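Secondary and tertiary structure notes
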Protein chains: 2
Amino acid sequence: MRLKIEFEPIGRRGEFPQGITLWESACNLGLALQTPCGGQGKCGRCIVKIAQGEVSPPTPADYRFLSAEQIAQGYRLACQAKPLSDCRVYIPPESLSIAQRLQLEGQEIPAKPEPAISTFNLTLTPPTLDDLRSDAERVIQSLKISHGVEASVDFAVLQELPERLRSQGWQLKAVVRQGEIIALLPPEAAPLGLAVDLGTTKIAAFLLDLESGRTLANRGLMNPQIPYGEDVISRITYAIQKPGAAAELQKVVVEAINRAAEEMCAEVNAHPSHIVEAVIVGNTAMHHLFLGLPVSQLGYAPYVPAVQGALEVKARELGLRMASGAVLYMPPLIAGYVGSDHVAALLAAGFDEIEGPALLLDIGTNTEICLAYRNGQPGKSPLTSLSCASGPAFEGAHITHGMRASPGAIESFSLEDDEVKFQTIGGLPPIGLCGSGILDVVAQLRKAGVIDSSGRMGSHRKLRKTDGQLCFVIAERGEGLPPIVFTQKDVREIQLAKGAIRAGIEVLLRERGLSPAELQEVVLAGAFGTYLRPESALEIGMLPKLPLERFRQVGNAAGAGAKAMLISTTMRAKAEKLTRQVEYIELAAVPDFAEIFAKAILL
Amino acid sequence: MRLKIEFEPIGRRGEFPQGITLWESACNLGLALQTPCGGQGKCGRCIVKIAQGEVSPPTPADYRFLSAEQIAQGYRLACQAKPLSDCRVYIPPESLSIAQRLQLEGQEIPAKPEPAISTFNLTLTPPTLDDLRSDAERVIQSLKISHGVEASVDFAVLQELPERLRSQGWQLKAVVRQGEIIALLPPEAAPLGLAVDLGTTKIAAFLLDLESGRTLANRGLMNPQIPYGEDVISRITYAIQKPGAAAELQKVVVEAINRAAEEMCAEVNAHPSHIVEAVIVGNTAMHHLFLGLPVSQLGYAPYVPAVQGALEVKARELGLRMASGAVLYMPPLIAGYVGSDHVAALLAAGFDEIEGPALLLDIGTNTEICLAYRNGQPGKSPLTSLSCASGPAFEGAHITHGMRASPGAIESFSLEDDEVKFQTIGGLPPIGLCGSGILDVVAQLRKAGVIDSSGRMGSHRKLRKTDGQLCFVIAERGEGLPPIVFTQKDVREIQLAKGAIRAGIEVLLRERGLSPAELQEVVLAGAFGTYLRPESALEIGMLPKLPLERFRQVGNAAGAGAKAMLISTTMRAKAEKLTRQVEYIELAAVPDFAEIFAKAILL
Ligand code: FES
Ligand code: FES
């Protein structure tokens with residue numbers, strides 16, 4: 001007898017003989033779970049939930065990694081459970097491999113479609129000696145007579161109008177936005193939208209159908225400004241060092257976005273001229289550089305942006321190749337170091353309404369943290385945000401064998417029974433450690449007592465001394481390659497990074513008179529926030545000790561928020577409203593920050 | 001005893017001994033009158049009006065060229081009249097030399113200033129750690145608190161805002177237009193405006209103070225598109241012959257306007273970034289080429305423009321160097337061959353209200369004619385316009401010794417008592433004939449019977465045969481130079497030109513059931529319309545025979561209308577309204593036009 005197994009939320013299913021594990025059947029369907037111990041029940045990462053059907057009874061491994069309550073709720077280790085009937089199995093995102101999670105992102109419909117544009121199909125009569133109306137008046141009057149809509153014609157649309165009318169045989173789809181015709185499409189074309197999360201390191205771009213709200217394609221690419229400076233500060237420094245440098249930074253990003261848009265359009269048999277609206281979110285420096293706004297004043301206190309409110313700009317003014325009259329909506333910023341990506345993440349996580357107390361963290365070189373607390377003292381803002389300089393350690397920078405999350409990176413690590421286990425992205429031979437792996441290493445070494453609460457390495461059979469400092473050997477590699485190690489200095493780097501984040505949390509909680517235990521929810525957004533294991537973050541004290549179920553990992557929330565704002569004007573209004581509700585705390589103005597930080601770096 | 005003589009409307013005055021003529025005293029003051037006969041009382045061109053004071057009694061020459069009624073009203077020949085007391089003397093524009101008239105143009109205040117912009121001086125407090133508002137929010141809030149004005153910031157203004165705030169010490173003049181800050185000026189700067197009459201041949205540019213309405217400077221220049229084609233059709237042909245050609249035509253004109261603006265600003269110690277609004281009028285082809293609108297459909301029937309209504313475009317979108325957010329207002333067009341210069345001329349001549357029947361003619365390569373008739377048949381449009389292809393003969397083209405109105409051109413000509421008299425621009429030795437001179441020659445030759453009504457040259461002592469055709473010798477020149485002549489073919493060219501204009505007038509009058517005698521006023525606009533002698537135009541039948549006082553020569557009415565629209569939104573509304581009142585007649589659709597034209601070419 002073959003059993004039907006269906007995996008949610010991915011919606012993949014297949015039939016399998018009895019006796020194989022859920023892990024094996026998932027592998028068979030191309031679903032990569034987190035399995036650093038290789039299915040031996042020794043890492044506890046392959047957790048799934050049985051939503052329907054019957055599986056084999058819990059094993060000792062299940063009891064080791066899961067609470068009785070979790071087991072009662074249907075949680076099991078996938079490498080242990082064998083189906084006994086047809087099953088529906090839910091895979092929590094944190095049990096999926098990074099590559100798998102990246103693949104799954106950006107396919108949901110992020111909001112009810114309420115686009116800023118409307119479309120109207122028109123069939124015109126060509127001009128004659130008895131009907132000498134100009135092309136523009138012809139379109140305007142047809143729109144009014146056929147659809148009761150009054151609109152002017154955008155100037156750039158006007159420039160292409162005569163040619164388009166004649167080449168399309170006087171048939172067209174007019175795209176109207178706020179009383180203006182901003183694009184003329186072939187009658188059968190769908191109006192497209194582009195949402196972009198413009199990160200310092202990575203750019204995530206999404207192509208959507210504005211009327212259905214569906215994501216048609218997506219692209220992840222590196223920010224081409226990286227060669228001009230790895231982080232925000234070095235990029236600002238570059239931008240202001242000589243005339244034309246800022247324009248150069250702007251140009252490379254615009255070109256990268258243009259290329260991504262072109263590729264995505266090609267993928268769905270559309271043309272960039274069908275893109276009639278765009279939403280781009282990013283931190284304040286990326287926002288300013290992209291818009292050609294000066295950044296010098298972001299480089300020194302009090303770090304004021306040129307503008308904070310939402311902007312609407314014709315996409316052509318920035319060199320974006322889209323419909324002639326396409327509009328770029330830039331959501332509002334919060335402060336010099338809290339940008340519209342944070343706003344978008346708050347929106348995607350529901351922080352415009354959440355009662356709280358709840359935290360949202362977007363961990364990166366700068367970590368933005370927001371505390372929502374709507375039932376607090378009267379007269380206080382419902383939202384409080386700050387930014388802390390957590391540095392690039394979790395992106396692999398300044399770590400001896402650190403690397404970005406790409407194939408061959410150790411993405412998870414365990415040290416159970418004194419035995420080192422790890423899993424790499426794509427299952428390739430290990431070449432380094434990415435953020436989630438680094439976090440696991442520090443947590444596991446701390447848990448096993450290899451390092452103490454001050455971060456000092458003690459003794460362990462895997463500890464070696466190289467170049468005068470201790471290091472923990474994670475993986476030996478053959479062929480004369482040096483082993484992959486984690487050094488004492490690497491531990492210090494992580495302490496600084498996690499200390500900055502934890503100190504930021506403490507400042508926020510103190511500001512609103514809360515204790516950590518009062519937090520109802522902690523939302524982890526962004527790439528690293530999604531890939532990290534909350535247990536590890538708790539273990540090293542980066543996050544306050546709370547029951548695991550209070551943590552929510554939401555993936556690229558900034559991208560999801562950008563998509564929601566792209567297809568919905570209601571979501572834009574919500575974003576603008578929530579921005580006005582945010583009180584910003586400048587850490588430079590917190591007098592005892594140094595003391596809080598000193599305490600926060602302890603493991 | 002010395003007498004005080006003051007000349008109006010120029011307002012120049014001086015003291016002179018008794019016994020000299022008004023002509024001599026005008027010369028002495030640098031005022032060039034039309035005096036082709038050299039002050040001999042033989043041409044009748046030096047007419048002035050004594051507004052105050054006493055002069056010598058009329059001479060036989062006065063009685064020859066002036067009616068008893070005119071003499072009673074104070075009209076005299078300036079070369080005959082000698083002041084007997086202090087005098088105030090009015091010089092009609094047609095008695096001034098062309099160069100003098102050009103100089104005088106563009107100094108009046110064309111309308112009550114009601115600009116589209118308002119200005120507000122702001123003094124801001126710089127940001128601190130306790131006041132982290134962005135630069136834009138700081139400006140927006142200050143504007144609201146200090147002046148009660150709500151406005152957003154134009155995107156390009158935003159790009160320069162941080163630098164400007166800091167370099168101007170947080171003091172500025174905000175220029176607000178329709179709820180948007182479009183420029184930041186130094187606190188003491190006046191907001192400037194640019195009005196341009198963009199002709200196929202000539203460009204007239206004016207710099208105005210938008211708040212006082214005063215014209216600060218003006219520039220006349222040749223259209224730099226001339227090398228790409230002398231007339232509209234050859235320019236359209238050039239524009240569509242290869243990719244990039246239209247953009248090239250656009251670029252040279254934009255650059256010419258930028259240069260003119262820069263020069264005018266330098267002249268008044270201002271900077272082009274103080275120009276916050278511009279109005280440009282021109283024929284439909286110039287309008288389209290300037291805006292980068294396609295012109296191919298203007299080249300063939302039914303000659304429909306891409307757009308007809310008024311447009312507002314950010315000046316930067318066209319490459320105009322002005323304030324970052326400066327707006328360009330392009331007044332509406334009437335048809336493929338009746339542009340916004342015609343609209344501006346109608347506005348300047350008061351055709352938005354005039355009862356009529358009245359005609360306005362703007363004579364050029366294409367001559368636009370409008371008939372105003374507000375008391376006519378019910379259901380008819382108050383205004384009817386058409387365009388006729390009168391050709392470039394009156395601009396000197398296709399005429400053997402034709403030339404543009406520049407120094408050395410014969411600008412007026414008389415053949416009294418069989419004696420040839422003429423005057424050149426600047427009083428230089430003659431090198432050719434400009435439009436008004438050409439018209440005079442044909443009129444005088446016809447009057448003297450040298451040519452008959454069919455245009456055929458008969459006999460006269462000054463007629464010669466050269467290259468097989470008859471020609472009239474206007475001026476012998478020494479040093480081996482050939483004489484300046486007017487040939488039989490030249491007469492034919494002028495017949496075609498004047499025939500086209502007269503036929504257009506006839507079509508308009510017939511359309512509204514009017515006879516020529518019912519016309520209350522004939523307004524002659526544009527350069528040639530201003531310089532020509534109405535008597536000559538009547539003599540050759542270019543214009544219907546009407547009492548001379550029904551003709552009004554208004555100079556560059558298109559430029560005056562552009563200036564009026566620049567400084568007054570009321571004038572823009574009037575222009576848009578009058579444009580909607582115009583019924584356009586396409587001559588190509590008039591079935592018996594050929595017959596009307598055949599009759600109209602007779603002299
Ligand atoms: S794979 Fe299941 S516990 Fe490690
Ligand atoms: S100059 Fe006076 S009549 Fe000729």
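See the structure printed just above.
Let me sum up the structure you'll find in this document.

The rules behind the values
Residues numbered from 1 in each chain as written. Chains lettered and ligands numbered in written order. Predicted model: local features only at pLDDT ≥ 70, side-chain atom pairs only at ≥ 80, totals over all residues. Heavy atoms only, no water. Helix = DSSP H or I, 4+ residues; strand = E, 2+ residues; numbered from the N terminus. Expected span 1.5 Å × (residues − 1). Buried < 20%, exposed > 50% of the residue type's maximum accessible area, 1.4 Å probe, protein only. Polar contact = N/O pair within 3.5 Å; in protein donor to acceptor, adjacent residues only side chain to side chain. Contact = heavy atoms within 4.5 Å. Buried area = accessible area lost by both parts, 1.4 Å probe. Salt bridge = Lys/Arg side-chain N within 4 Å of Asp/Glu carboxyl O. Axes fitted to C-alpha atoms, helices over the stretch in contact; angles between N-to-C directions. Parallel < 35°, antiparallel > 145°, perpendicular 65-115°, else oblique. Pairing = 2+ DSSP bridges. Least-squares fit on C-alpha atoms with pLDDT ≥ 70 in both.

Thoughts on helix H16 (residues 569-581) of chain A
Residues and elements named next belong to chain A. Look at H16: 19 Å from first C-alpha to last across 13 residues, which is about the 18 Å you get at 1.5 Å a residue. Of the residues making up H16, those classed as buried are Met571, Arg572, Ala575, Leu578, Thr579 and Gln581. Here H16 starts with a cap whose side-chain oxygen sits 3.2 Å from the backbone nitrogen of threonine 570, and that cap is serine 568.

What to know about the interface of chain A and chain B
The interface is formed by 35 residues belonging to chain A together with 36 residues belonging to chain B. For the pair chain A and chain B, the summed buried area comes to about 3000 Å², and 70% of that belongs to carbon and sulfur atoms. Here chain A and chain B share 2 salt bridges between them. The partner of arginine 316 of chain A in a salt bridge is glutamate 317 of chain B, and the shortest N-O contact between them spans 2.7 Å. Joining chain A to chain B, the criterion identifies 16 residue pairs in polar contact (both at pLDDT 80 or more). Secondary structure elements with two or more residues in the side of chain A that touches chain B: helix H5 (135-147), helix H6 (155-167) and strand S14 (311-314) of chain A. For the side of chain A that touches chain B, the element with the most residues is H6 of chain A, which contributes 6 residues.

Side note on the packing of helix H10 (residues 340-348) of chain B against helix H15 (residues 557-567) of chain B
Residue and element names in this part refer to chain B. Following both chains from N to C, one finds H10 and H15 inclined at 80°, their axes separated by 7 Å at the closest point. Here H10 is positioned roughly perpendicular relative to H15, judged by the angle of their axes. From H10, Asp341, Ala344, Ala345, Leu347 and Ala348 reach across to H15, where they touch Ala557, Ala558, Ala560, Gly561, Ala562 and Met565.

Observations concerning the side chain of glutamine 423 of chain B
All names here are of chain B. Looking at where glutamine 423 falls in the secondary structure, it is placed in strand S20 (residues 419-424). There is a polar contact of 3.0 Å between the side chain of glutamine 423 and the backbone oxygen of leucine 33. Once you skip the residues sitting within four places of it in the chain, glutamine 423 turns out to touch Leu33, Gln34, Thr35, Pro36, Ala409, Ile410, Glu411 and Ser412.

What about the sheet that holds strand S1 (residues 2-8) of chain B?
All names here are of chain B. One open sheet holds the 5 strands; their spatial order is S2-S1-S5-S3-S4, and the pairing between them is mixed. In this open sheet, the two edge strands, each paired with only one partner strand, are strand S2 (12-17) and strand S4 (75-77). Taken over all neighbouring pairs, the strand axes of this sheet differ in orientation by 35° on average, direction set aside. Judged from the 6 bridges that link them, S1 and S2 form a sheet pairing that is antiparallel. Its bridge partner being in S2, phenylalanine 7 is matched across the sheet by arginine 12.

Here's the deal with the relation of the copies chain A and chain B
Least-squares fitting of chain A to chain B yields an RMSD of 0.2 Å, with the transformation described by 0.1 Å of translation along the axis and a rotation of 180°. Such values leave the two copies arranged in the relation of a two-fold axis. For chain A, the residue whose C-alpha comes nearest the rotation axis is glutamate 317 of chain A, separated from it by 4.1 Å. Of all interface residues in chain A, 100% are interface residues in chain B too; the two copies therefore contact each other through one and the same surface.

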